[in-house]
Amino acid sequence: VAERDGPYRAAKQIRYSFTLNNTTGRLLEKPQFRTYAPVPQTSHQKVKKVSANQPYRTARDELGNEMLHFELSNIPPYGARIVSITVDLLVTESPVSMSAGRTGRFTRPEPHIESDDMRIVSLAKSLSDPRSEAGTRKTYDWVAENLFTEAYAAEDRGALYALQKKTGDCTEFSYLLTALYRAQQIPARPIGGYVFSGNGIVKAVDYHNWTEFYTGGAWQIADAQKRAFRDKQADYVAMRLIASDMQDQFSAQRFSYAGTGLAVAMN
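Residues numbered from 1 in each chain as written. Predicted model: local features only at pLDDT ≥ 70, side-chain atom pairs only at ≥ 80, totals over all residues. Heavy atoms only, no water.

Novice: I would appreciate a short explanation of the sheet that holds strand E4 (residues 57–60) in the present structure.
Specialist: Whether parallel or antiparallel, the strands of a sheet pair through hydrogen bonds between backbone atoms. Strands sit in the order E4-E5-E2-E15 across an open sheet of four strands; the sheet is antiparallel. Either end of the sheet is taken by a strand with one partner, and the two such strands are E4 and strand E15 (255–258). Looking at each pair of strands side by side, their axes are set apart by 20° on average, direction ignored. Strand direction decides the pairing type here: strand E2 (residues 32–36) and E15, joined by four bridges, are antiparallel. From the neighbouring strand, phenylalanine 33 faces E15, where its bridge partner is tyrosine 257. (Pairing = 2+ DSSP bridges. Helix = DSSP H or I, 4+ residues; strand = E, 2+ residues; numbered from the N terminus. Axes fitted to C-alpha atoms, helices over the stretch in contact; angles between N-to-C directions.)

What follows is the structure, encoded as structure tokens:
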């Protein structure tokens, strides 16, 4: 790795693909498809190269997420197109110092992250500790030990649901931990992506949510569902920084498309 890459030392590659089907007996003209590339840079990853088997253009949202926009050639009746994406990254186990950005965004309540609800505020206060490291670990431990994993649900239920029901999928684990940190005025954000060591070909079923919190000048990973607190951080590939007040039309936070009769599935 070149010196200019600094502390991002280990190479990692992620590959993923989608099948786009024309379900009609008509020619489907120039269907459009959008999906995420990994977040260009976090405290644990840096994107080096994005390549695909179809031409694309890129755009970034206000959080810095990178989206790939594909405008494909016509698909014949009942035909299909494959979109395959390969991303080369550099990763690090020890987080790299970086700005927290607009800290206010990551300490305020938002839909599904009800950090101003008194039930969450009360719990957060009982778990807080003037020693930042001890408090963040204690809060993580409470979520990891008190929530039970249930089957995946397409609908986001939020932090308050998780606290009241003591159950949820990875999204609820992430939302509750994020809300508790925010109630303690610790910048925190939910992340969507994949967890694997080395290189990987990922599928829809592999998609996962976790939390990052900001301390000591860097973002740290806390995954209460998978029981990983600042551990194996180079295994985590962030595809999306999640803000639930920035709703988009992506299906299950992974892709969107336009074209009458078009059906899309992640392979």
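Now, onward.
Novice: Got a minute to help me understand the pairing of strand E16 (residues 262–266) in this structure?
Specialist: Strand residues, when the strand is regular, have side chains that alternate between the two faces of the sheet. Burial along E16 is one-sided: Leu262, Val264 and Met266 are buried, while Ala263 and Ala265, pointing the other way, are not. Of the strand pairs in this sheet, strand E1 (residues 10–22) and E16 are connected by five bridges, and their pairing is antiparallel. Bridge pairing links asparagine 22 to leucine 262 in E16. (Buried < 20%, exposed > 50% of the residue type's maximum accessible area, 1.4 Å probe, protein only.)

Novice: Which parts of the structure should I look at to understand the nonpolar core?
Specialist: Where a protein is soluble and globular, its nonpolar side chains tend to be buried together. Counting 30 residues, the largest nonpolar core has Ile14, Tyr16, Phe18, Leu20, Phe33, Ile85 and Tyr194 as its most contacted members. Secondary-structure elements contributing two or more residues to this core are E1, E2, strand E5 (66–71), strand E6 (80–91), strand E14 (236–241) and E16. Here phenylalanine 33 is in contact with Phe18, Leu20, Leu68, His69, Phe70, Val83, Phe255, Ser256, Tyr257 and Val264, once residues within four sequence places are set aside. With 28 residues, the next largest nonpolar core counts Ile113, Tyr140, Trp142 and Leu180 among its residues. (Core = buried A, V, L, I, M, F, W, Y, C linked by side-chain atoms within 4.5 Å. Contact = heavy atoms within 4.5 Å.)

Novice: Even after reading the chapter, I still don't get the packing of aromatic side chains, so can you show me in this structure?
Specialist: Remark: the centre distance and the inter-plane angle together describe each pair of aromatic rings, the angle taken between the planes. Throughout the structure, instances matching the rule amount to 14 aromatic pairs. Between the aromatic rings of phenylalanine 33 and phenylalanine 70, the centroid separation amounts to 6.0 Å while the plane-to-plane angle is 40°, which identifies the pairing as tilted. Here the residue phenylalanine 33 occupies a position in strand E2, and phenylalanine 70 occupies one in strand E5, the gap between them amounting to 37 residues. The two residues phenylalanine 33 and phenylalanine 70 agree in class, both being buried. Each ring, one from phenylalanine 33 and one from phenylalanine 255, has its centre 6.0 Å from the other, and the planes form 35°; the classification is tilted. Here phenylalanine 33, found in strand E2, pairs with phenylalanine 255, found in strand E15; they are 222 residues apart in sequence, far enough to count as distant. In this structure phenylalanine 33 comes out as buried when scored by relative accessible area, which is 1%. You can call phenylalanine 255 buried: its relative accessible area is 5%. (Phe/Tyr/Trp six-rings, centres within 6.5 Å; stacked < 30°, edge-to-face > 60°.)

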